[in-house]
Amino acid sequence: MSVLVEISEFVQKGKAKDVKNLTQAALDEGISAKEILNGALIAGMMVIGEKFKNNEVYVPEVLIAARAMNRGVEVIKPYLTKEGVEPVGRAVICTVKGDLHDIGKNLVKMMLEGVGIECIDLGVDVSGEQVVEAVKESGARVVCLSSLLTTTMDYQKDIIQALEKAYLRDGVKVMVGGAPLNGEFAKSIGADAYTKDAAEAADVALDFFA
Ligand code: B1M
């Protein structure tokens, strides 16, 4: 069994310590941090996601798997993040109101930081007012919105409208993402970009600061 498959299985079983140790072993073997992230850590979480959907596992198992995945992410983070580099720009990032999913948002943040973008992370369940406040305070030029629920994706539009009302919309680029979204939806709510994963989000954000 390849080490990536093994890590993925440990994520699914929620074995945090094994995920941590094997992630380090994979790095020592010369496997890249990106390969470990996509081919093992996210891959394992995706299997759990499918099982959750089919009622084969429940909330506790999902949370234990997420914790195990995060232990692996902690190990590879220094390899994905350029440390001590002057920030190329500042972004506000959050999961929108009503939505508590933060695993994808945290990955987007990590990848943005990896290309030198400073992130003001507002966390989850975030309102338009909070985003407006953060943009005013920080002078961020990019706003990243994540949502994982069909019931919360429309809130991304409310945040864009809140930025408009506060006369901040012209000064920021709004990027949206999350499993239920697509480019068409992003266009319909007036966002500047939709990206399907964290790596693409980092590339697009960098372009906005160019
Ligand atoms: Co929830 N959940 N969940 N959940 N959960 C989903 C999303 C669901 C699809 C599962 C299902 O039933 N099929 C479903 C949504 C259905 C729908 O809306 N159509 C669902 C549901 C229904 C719920 C609850 C309502 C369940 C309940 O209580 N009955 C509840 C809602 C709570 C709330 O938010 N108010 C709930 C709760 C939870 C947990 C708390 C147990 C846990 C969240 C823990 C946490 O985040 N800290 C959880 C989880 C983990 C999931 C699944 C299993 C996995 C999500 C995940 O982390 N994936 C998910 C099923 C699935 O996705 N298959 C599910 C891994 C992560 C890396 O991927 O977040 O998609 P993702 O991020 C990707 C891309 O989307 C993208 O980049 C990442 C990869 O690089 N991306 C962006 C994300 N944000 C981006 C922003 C960008 C760009 C790209 O630019 C700004």
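Residues numbered from 1 in each chain as written. Predicted model: local features only at pLDDT ≥ 70, side-chain atom pairs only at ≥ 80, totals over all residues. Heavy atoms only, no water.

(A) Broad picture of helix H6 (residues 128–138). Those residues of H6 lying buried are Gly128, Val131, Val132, Ala134, Val135 and Ser138. Looking straight down H6, one finds its buried side chains confined to an arc of 165 degrees; they lie on one side. Summarising the geometry of H6, the exposed residues directed more than 90 degrees from the buried face are Glu129, Lys136 and Glu137. Buried residues along H6 sit in contact with strand S1 (89–95), strand S2 (117–121), strand S3 (142–146) and helix H7 (155–165). (Buried < 20%, exposed > 50% of the residue type's maximum accessible area, 1.4 Å probe, protein only. Helix = DSSP H or I, 4+ residues; strand = E, 2+ residues; numbered from the N terminus. Arc of directions from axis to C-beta. Contact = heavy atoms within 4.5 Å.)

(B) Region of the structure containing the coordination of the cobalt atom of the ligand. For the cobalt atom of the ligand, the protein contributes exactly one donor atom, His101 (NE2), at 2.2 Å. Looking at the element boundaries, His101 is found in the loop between S1 and helix H5 (103–114). (Donors = N, O, S within 2.8 Å, 3.2 Å for Na, K, Ca; no water.)

(C) Region of the structure containing the side chain of Asp99. Counting through the fold element by element, Asp99 comes out in the loop between S1 and H5. We note that Asp99 is buried and unpaired, the nearest opposite charge coming from Lys105 at a distance of 10 Å. Looking at Asp99, its side chain comes within polar contact range of the side chain of His101, at 2.7 Å. When sequence neighbours within four positions are dropped, the list of residues in contact with Asp99 reads Val124, Asp125, Ser147, Leu148, Leu149 and Thr152. (Lys, Arg positive; Asp, Glu negative; His and termini not counted. Salt bridge = Lys/Arg side-chain N within 4 Å of Asp/Glu carboxyl O. Polar contact = N/O pair within 3.5 Å; in protein donor to acceptor, adjacent residues only side chain to side chain.)

(D) Spatial organisation of the pattern of salt bridges. One pass over the full model with this rule turns up seven salt bridges. The closest approach of N and O atoms between Lys105 and Asp121, which form a salt bridge, is 3.0 Å. One end of the pair, Lys105, is in helix H5; the other, Asp121, is in strand S2, and 16 residues separate them in sequence. Note on Lys105: relative accessible area 3%, which makes it buried. Classification of Asp121 as partly exposed rests on a relative accessible area of 28%. Between Glu200 and Lys196 there is a salt bridge, with the nearest N and O atoms lying 3.3 Å from each other.

(E) Local environment of the packing of helix H1 (residues 3–13) against helix H3 (residues 33–53). At their nearest, the axes of H1 and H3 sit 8 Å apart, and the two run at 40 degrees to each other. Regarding the angle of H1 to H3, the classification is oblique. As for the relative orientation of H1 and H3, their crossing is right-handed in sense. Together, Leu4, Ile7, Ser8, Val11 and Gln12 of H1 and Glu35, Ile36, Gly39, Ala40, Leu41, Ala43, Gly44, Met45, Val47, Ile48 and Lys51 of H3 make up the contact between the two elements. By residue class, the composition of the contact of H1 with H3 is ten nonpolar, four polar and two charged. (Axes fitted to C-alpha atoms, helices over the stretch in contact; angles between N-to-C directions. Parallel < 35°, antiparallel > 145°, perpendicular 65-115°, else oblique. Left-handed = near helix turned anticlockwise from the far one by under 90°. Nonpolar A, V, L, I, M, F, W, Y, C, P; charged D, E, K, R; others polar.)

(F) Summary view of the pairing of S3. Judged by how many residues are buried, S3 sits mostly within the fold: five of five residues are covered. Judged by which residues are buried, S3 turns out to be covered on both faces: Val142, Cys144 and Ser146 on one side and Val143 and Leu145 on the other are all buried. Here S1 pairs with S3 via five bridges, running parallel. Bridge pairing in S3 links Ala91 to Val142. The pairing of S3 with strand S4 (residues 173–177) spans five bridges and is classified as parallel. Considered in S4, the bridge of Val142 is made with Lys173. Remark: the S3/H7/S4 crossover connection has right-handed handedness. (Pairing = 2+ DSSP bridges. Right-handed = clockwise from strand over helix to strand, strands pointing away.)

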